[in-house]
Amino acid sequence: MYQIVPIAPGDQHRAGGATGSPLKKKLGREGRPLVAAAILGCVLVLAAVVSWCYYSASLRKAQLLKTELLDLNKDGFIIRNQAGAVIFTMAFRSGTLDLDSCSKEADILSCSQSDSGKLNFFIQTVRPKDTVMCYRVRWEELENESVEHAMSYNDSHWYGGAETATQHWPIRNQGEEEPHPFITSDVYSNRKAFGGILERYWLSSNATAIKINDSVPFHLGWSERDRTLRFQARYQDSPYRRPEGREASVELSYRVCVGSDVTSIHKYMVRRYFPKPIKVPAHEVFKHPVWSTWALHKTAVTQEKLLRYASDIAKHGFTCSHLELDDRYTADYGEFDFDPQKFPNASGMFDKLREEGFQVSLWTHPFINYDSINFGVGVEKGLFVREPGGELPALVRWWNGIGGILDFTNPEAREWYSSNLYMLQTRYNVTSFKFDAGETSYLPRQFSTLVPLADPSTFTRRYTEMALPFKERAELRVGYQSQNISCFFRIIDRDSVWGYELGLKSIIPTVLTISILGYQFVLPDIIGGNAYPNRTTEGKDGLPDRELYIRWLELSAFMPAMQFSIPPWAYDDEVVRIAKKFTELHETLVAPRVLELAGEVLDTGDPIIRPLWWIATDDEAAYKVDSQFLIGDDLMVAPVLEPGKQERDIYLPGGRWKDYNGKHLDKGPMYLTDYPVDLDEIAYFTWVH
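Let us look at the structure shown here. This structure is a prediction, so every number in the text was calculated from the model and none was measured. (Residues numbered from 1 in each chain as written. Predicted model: local features only at pLDDT ≥ 70, side-chain atom pairs only at ≥ 80, totals over all residues. Heavy atoms only, no water.)

1. Here's the deal with the overall build of the protein chain
Alright, step 1. Check the secondary structure of the protein chain and you find 13 helices and 35 strands.
Alright, step 2. Relative to its 689 residues, the protein chain shows a buried fraction of 56%.
Alright, step 3. For the protein chain, the accessible area works out to roughly 29100 Å², and carbon and sulfur atoms hold 51% of it. (Helix = DSSP H or I, 4+ residues; strand = E, 2+ residues; numbered from the N terminus. Buried < 20%, exposed > 50% of the residue type's maximum accessible area, 1.4 Å probe, protein only. Areas by Shrake-Rupley, 256 points an atom, 1.4 Å probe, with all protein chains shown as cover.)

Structure follows, in structure tokens:
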């Protein structure tokens, strides 16, 4: 029913006026919340639409910034494995990306702007095989002078890079180090530098590998605090030179590859990026020791001392194999004939050594000292590395004086050097040469060569090529992109000490490192070290410590080749007996297996000396073992590397093993604690198939 509201006579006019009826007033007051609610609803709907649009755009952007298992953000990128765990992290230290400048087309994700200016940046996904995914990364700065990225360790173990003075396996960088040029250096004289054998390659226990491109002016630093390696590209205050005709930009480019396990990804990288040797060096060098004059006689070697040394080798019942005449047999450094005062009858000496069964090699180097008769020849012919102006030879200081260094980018210098080596070879029937030095660190800070070197380490590569005609028994101590030089690569001189700084403990980490870098025909340097003054754990008569010498001998017997200088008979009859035992063991047990693996290197590039994780990729303990190694997959060696010890702890990966005494051990993986190893023994185990 309607409700009738009576109106008083005076109210009629007011009812039709502007103030409206009481009903309208009541409705107006009650409608306001409805209007507000409607407005609020509209706002909420609009906000929801905006949020959805933003969310959709974010999803599209997130999708845009993903490529396969890689996620890009403004500060860097991460790579995950198939299980979703982060296995690789790279941070951009030189700038942050403007993500609005990024786009994605097919398998290429690119950006054109960072907070510091214009750039060319891209990540391209490449799947070379079903089990490998690779990401090509390039950051080219157009307005700045350097690029730097920082790679995190990601709680994994990393290997590779370079030979160093203090070598650890896996890599253990200490302190905070600003990036400095990643070039070959003599780490004996500069122990904080990178060594004479290096490659721009690192490998992780997370089955990840990174290879820096050859064109990058590459500098490497690190942070122990942040657990990162710092990769930097720059030309400013650097020995790298911008290629002629290239615009004023700098780029950092590299390839990151991920595999199913560390061994398989390394095999892929080696087959894809490292050249392979084309021939196995002389089998006799693998079988029988090299006898060097260096640690025994240093520069005081003479014809009489050399002949006595050779006679003693035979007299004590060792094989008359390979004799290496080291520094100094010439009158001056830079000459290519014998000093008649020290070697009055060099031809007769070589005839006698040859009759006794010795193959003889000679020491050589790239320096011509200023007081040599050949210095004037080099200046006249323009054979030397020159000052930046290109007119005068650049004088360099090396461990035997001051002189010029031959420019191996110059065909005339290469021919002159080779012809002198051939002359020595022909005149005296020399077998081969020990090529010493060759590190970039012996070049002047500023220099010029006939063929400009954008990367100074290319000089090292050119020097290693000089060994090619003599490769059967040649020896080098440097390598950069030189894996196809089919000769022996010697690790840098060792001190006669026990520790990790160029001592006995450094040998296994160093050999494993350069093997991962693709250099498989390894000489582990002189047994007992070089006996340098003030860098020797001395024993009787100034010799290296007797126990150190024996343990070094035992380790060397399981390396690809053995090298003596200080002879066993300098100690006593027991040391001679132990030396004969292990040279025979090397010849009968080790060398046949090494030669079999050496033949495989030509096709695969796989290491001869292998880390334990090679056969135990899912074993965390195997990644940290630095005092044991494998020869192939089935011979494991565990030398004693501590003074005063006749036992050691040994880690056996999973599988069935037999020790050198014939005992079977079937429950691997396992630790053998306090495993007994007498002074005249070394622990080794064969894997039972």
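2. Examining the side chain of Ser156
Alright, step 1. In this fold, Ser156 is placed in the loop between β9 (146-152) and β10 (158-162).
Alright, step 2. Classification of Ser156 by relative accessible area gives buried; the value is 4%.
Alright, step 3. A polar side-chain atom of Ser156 sits 3.2 Å from a polar atom in the side chain of Trp158.
Alright, step 4. Here Ser204 takes part through its side chain, which lies 3.2 Å from a polar atom of the side chain of Ser156.
Alright, step 5. What Ser156 contacts, discounting residues up to four positions off in sequence, is Ser204, Ser205, Asn206 and Arg227. (Polar contact = N/O pair within 3.5 Å; in protein donor to acceptor, adjacent residues only side chain to side chain. Contact = heavy atoms within 4.5 Å.)

3. Some thoughts on the pairing of strand β30 (residues 635-638)
Alright, step 1. Both faces of β30 are covered, namely the face carrying Leu635 and Val637 and the face carrying Met636 and Ala638.
Alright, step 2. Here strand β29 (residues 629-631) runs beside β30; their pairing, made up of three bridges, is antiparallel. Bridging from a neighbouring strand, Ile631 pairs with Leu635 of β30.
Alright, step 3. From the end of β29 to the start of β30, which pair antiparallel, there are three residues, and Gly632 there has a positive phi angle of about 65°.
Alright, step 4. By the bridge criterion, four bridges tie β30 to strand β35 (residues 683-687) in an arrangement that is antiparallel. The residue of β35 that forms the bridge with Val637 is Tyr684. (Pairing = 2+ DSSP bridges.)

4. As for the packing of aromatic side chains
Alright, step 1. Under the criterion given, the structure shown has 57 aromatic pairs.
Alright, step 2. Measuring from ring centre to ring centre gives 5.9 Å for Phe318 and Trp569, while their planes differ by 45°; the resulting arrangement is tilted. Taken as a pair, Phe318 in the loop between α6 (303-315) and β18 (322-325) and Trp569 in the loop between β27 (563-564) and α13 (573-604) lie far apart in primary sequence, 251 residues in all.
Alright, step 3. With a relative accessible area of 7%, Phe318 lands in the buried category.
Alright, step 4. What links up through ring pairs into an aromatic cluster is the set Phe336, Phe408, Trp416, Tyr417, Tyr422, Phe433, Phe435, Phe459, Tyr463 and Phe470.
Alright, step 5. Over the ring of Tyr188 we find Arg191, and its NZ or CZ is 4.5 Å from the ring centre. (Phe/Tyr/Trp six-rings, centres within 6.5 Å; stacked < 30°, edge-to-face > 60°. Lys NZ or Arg CZ within 6 Å of the ring centre and 35° of its normal.)

5. A few points about the sheet that holds β29
Strands in a sheet are paired, the pairing made by backbone hydrogen bonds, and the direction either parallel or antiparallel.
Alright, step 1. The strand order across the open sheet formed by six strands is β28-β29-β30-β35-β32-β33, and the pairing between neighbours is antiparallel. In the strand order of this sheet, the two ends are held by β28 (609-610) and β33 (664-665), each with one partner.
Alright, step 2. As paired elements, strand β32 (residues 657-659) and β35 share three bridges and run antiparallel to each other. By the bridge assignment, Lys658 is partnered in β35 with Thr686.
Alright, step 3. Of the strands in this sheet, β28, β29 and β35 are in contact with α13, which crosses β29 at around 80°. (Axes fitted to C-alpha atoms, helices over the stretch in contact; angles between N-to-C directions.)

6. A short note on the state of the cysteines
Alright, step 1. Tallied over the entire structure, the rule returns two disulfides.
Alright, step 2. Here Cys102 is linked by a disulfide to Cys111, with a sulfur-sulfur distance of 2.0 Å. Between Cys102 and Cys111 the sulfur-sulfur dihedral comes to about 100°; the bridge is accordingly right-handed. Taken individually, Cys102 and Cys111 each receive the classification buried, so the pair is uniform in this respect.
Alright, step 3. Residue pairing for Cys134: its cysteine sulfur links by disulfide to Cys257, the two sulfurs lying 2.1 Å apart. (Disulfide = S-S within 2.5 Å.)

7. Considering unusual backbone geometry
Alright, step 1. The omega angle of the peptide bond from Trp169 to Pro170 is 0°, so this bond is cis rather than trans.
Alright, step 2. Along the chain, Pro170 turns up in the loop between β10 and β11 (176-181).
Alright, step 3. Asp327 connects to Arg328 through a cis peptide bond whose omega is 10°.
Alright, step 4. A positive phi angle, near 55°, is found at Glu68, a position not held by glycine.
Alright, step 5. Note that Glu68 resides in the loop between β1 (66-67) and β2 (70-73).
Alright, step 6. A positive phi angle, close to 50°, is found at Asp674, a residue other than glycine.
Alright, step 7. On the basis of relative accessible area, Asp674 is assigned to the exposed category, the value being 56%.

8. What to know about the sheet that holds strand β12 (residues 198-204)
Alright, step 1. Taken together, eight strands build an open sheet; the order of strands is β5-β6-β7-β8-β16-β13-β12-β10 and the sheet is antiparallel. Looking along the sheet, the strands with just one partner apiece sit at the ends: β5 (103-105) and β10. Looking at each pair of strands side by side, their axes are set apart by 15° on average, direction ignored.
Alright, step 2. Direction of pairing for β10 relative to β12: antiparallel, over a ladder of four bridges. Bridge pairing in β12 places Trp158 opposite Ser204.
Alright, step 3. Of the strands in this sheet, β7 (117-129), β8 (132-141), β12, β13 (208-212) and β16 (250-258) touch helix α3 (residues 262-273), which is tilted by about 155° from β12.

9. Here's the deal with the environment of Leu453
Alright, step 1. You can see Leu453 is positioned in the loop between β23 (432-435) and α10 (458-464).
Alright, step 2. Relative accessible area serves as the criterion here: at 8%, Leu453 is assigned to the buried category.
Alright, step 3. Considered as a pair, Leu453 and Tyr684 are 231 residues apart in the sequence and their alpha carbons are 46 Å apart.
Alright, step 4. Apart from the residues within four sequence positions on either side, Leu453 is in contact with Arg241, Thr409, Phe447, Thr458 and Phe459.

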